[in-house]
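Below, each chain spelled out in residue letters.
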Amino acid sequence: MYWSLRRKADSTDASIAASPEGAGARARLLPTGRLEAFSDAVFAIAITLLVLELHVPTGQEALVKGLEHEWPRYLGYFVSFAFIGGVWIAHSNMTRFIKAADPALMRLNLTLLLFVSFLPFTTAIAATHLFVSSLPFTHHTVTQAGLPAERVAVVVFGLNLTLAALMVYLVIRHAGRTPGLAADDMAEEELQAFAKERRAATLLQGGAAVVGAFLPVTAVIFYLAISVLYIVEPLRHIRIRIRRATVPE
């Protein structure tokens, strides 16, 4: 399955440009270069900020014990790293299939970046308060609402992941449904199929966030599994499409 995925925005179909409405729609289309560059920069910065929350043990205790004590931070780091990496892969796949962007796509994409850039903060909250489960019962902290702090922290983290996953779905769905954005008809079909996959992933992410209210550590493990799925699934589909394209008819 081969087609030109990087046609310029000014190569809009003549049928669209022929009418005044089509000409107006064409005038509102924007090249995808800046959308891709800005998005890649935010993804890279967000992933870099995650590592700043990993602390090097400096106390007098044994190094191994110090590293073991930091396990919630490592877990949170891997969850968010895998999630942002999966979002970046999905975003990169989407931009392969579009030739232009419209203002609505730019705004949706900006909202996606809002939630992605917020992840280092919510990851730090979850990692810090997951320590509560490792402390004696007398040291457990409780929020003003009467809920254990670790549950609130993990739910906040899960809500952030769910909103980011939702925005990925909305961005891809908009790209697949809006005339003039997809490179061609086949690319439009690919985007719509990809959007359905992301909708299912968003529901899984939301379900895992609900689990966080009852089983915080288990929920974070679910977050990690779903984040790894975000990375593996798009790559698997790419290999399938390439294999189909190379099979002689």
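Rules and cut-offs
- Residues numbered from 1 in each chain as written.
- Predicted model: local features only at pLDDT ≥ 70, side-chain atom pairs only at ≥ 80, totals over all residues.
- Heavy atoms only, no water.
- Axes fitted to C-alpha atoms, helices over the stretch in contact; angles between N-to-C directions.
- Helix = DSSP H or I, 4+ residues; strand = E, 2+ residues; numbered from the N terminus.
- Parallel < 35°, antiparallel > 145°, perpendicular 65-115°, else oblique.
- Contact = heavy atoms within 4.5 Å.
- Nonpolar A, V, L, I, M, F, W, Y, C, P; charged D, E, K, R; others polar.
- Expected span 1.5 Å × (residues − 1).
- Buried < 20%, exposed > 50% of the residue type's maximum accessible area, 1.4 Å probe, protein only.
- Arc of directions from axis to C-beta.
- Phe/Tyr/Trp six-rings, centres within 6.5 Å; stacked < 30°, edge-to-face > 60°.
- Salt bridge = Lys/Arg side-chain N within 4 Å of Asp/Glu carboxyl O.
- Core = buried A, V, L, I, M, F, W, Y, C linked by side-chain atoms within 4.5 Å.
- pLDDT = per-residue confidence, 0-100.
- Patch = residues over 30% accessible without salt bridge, like charges linked within 9 Å, V, L, I, M, F, W, Y side chains within 5 Å.
- Areas by Shrake-Rupley, 256 points an atom, 1.4 Å probe, with all protein chains shown as cover.

We now examine the packing of helix H5 (residues 71-96) against helix H6 (residues 103-129). Between H5 and H6, the least distance of the axes is 8 Å, while the angle of their chain directions is 170 degrees. Between H5 and H6, the crossing angle belongs to the class labelled roughly antiparallel. Contact residues: H5 offers Pro72, Arg73, Gly76, Tyr77, Ser80, Phe83, Ile84, Val87 and His91, while H6 offers Asn109, Leu112, Val116, Leu119, Thr123, Ala127 and Thr128. Of the residues belonging to the contact of H5 with H6, the class tally is 9 nonpolar, 6 polar and 1 charged.

Compared with the 27 Å implied by 1.5 Å per residue over 19 residues, the 28 Å span of helix H3 (residues 33-51) between its first and last C-alpha is a close match. Among all positions of H3, only Leu35, Glu36, Ser39, Val42, Phe43, Ala46 and Leu50 are buried. Along the long axis of H3, the arc covered by the buried residues comes to 135 degrees, so they all point the same way. Away from its buried face, by an angle of more than 90 degrees, H3 presents the exposed residues Arg34 and Ile45.

Now for the packing of aromatic side chains. Inspection of every chain in the model, using the stated rule, returns 5 aromatic pairs. Plain terms: the ring middles of Tyr77 and Phe81 are 5.8 Å apart, the flat faces sit at 35 degrees to each other, and that makes the pair tilted. A residue pair is termed a helical-turn pair when its members lie 3 or 4 positions apart in one helix, as Tyr77 and Phe81 do in helix H5 at 4 residues. According to the relative accessible area criterion, Phe81 is partly exposed, its value standing at 37%. Between Phe157 and Tyr223, the aromatic rings sit 5.6 Å apart at their centres with planes inclined by 80 degrees, giving edge-to-face as the arrangement. Placement of the pair is Phe157 in helix H7 (residues 149-177) and Tyr223 in helix H9 (residues 216-246), with a sequence separation of 66 residues. Here Phe157 and Tyr223 have matching classes, each one buried.

A word on the pattern of salt bridges. Any two side chains of opposite charge can pair, given that their charged atoms come close. In this structure the tally under the stated criterion is 1 salt bridge. Residues Glu70 and Arg73 are paired through a salt bridge, measuring 3.1 Å at the closest nitrogen-oxygen approach. In this structure, Glu70 and Arg73 share a single accessibility class: buried.

Bringing the environment of Val171 into the picture now. Along the chain, Val171 falls in helix H7. Along the primary structure Val171 and Ala195 are separated by 24 residues, whereas in three dimensions their C-alpha atoms are 8.5 Å apart. When residues no more than four places from it in sequence are discounted, the contact partners of Val171 are Met94, Leu105, Leu108 and Asn109.

Among the nonpolar cores identified, the biggest contains 52 residues, and Phe83, Leu191 and Tyr223 are the most heavily contacted of them. Contributing elements (two or more residues each) for this core: H3, H5, H6, H7, helix H8 (185-211) and H9. Counting residues per element, this core draws most heavily on H7, which supplies 11 residues. Apart from residues lying up to four places away in sequence, Tyr223 is in contact with Val79, Val154, Phe157, Gly158, Leu161, Gln205, Ala208 and Ala209.

The subject of this paragraph is the confidence of the model for the protein. Looking at the protein, the pLDDT average stands at 81 and 75% of residues meet or exceed 70. Per-residue pLDDT stays below 50 along residues 134-139; that stretch engages in 2 contacts with residues further than four places along the chain or on separate chains.

Let's shift gears to H5. Helix length check: H5, at 26 residues, gives a terminal C-alpha distance of 38 Å against a target of 38 Å (1.5 Å per residue), a fit within 8%. Across the 26 residues of H5, 19 count as buried, placing the element largely inside the fold.

Moving on, we get to a nonpolar patch on the surface. Together, Ile45, Leu49, Val51 and Leu52 give the surface a local cluster of nonpolar side chains, amounting to about 360 Å² of exposed area. For Val51, the position within the fold is in helix H3.

In this fold, Pro72 is placed in helix H5. What makes Pro72 buried here is its relative accessible area of 0%. Linking Pro72 and Val220, residues 148 residues apart in sequence, is a C-alpha distance of 9.5 Å.

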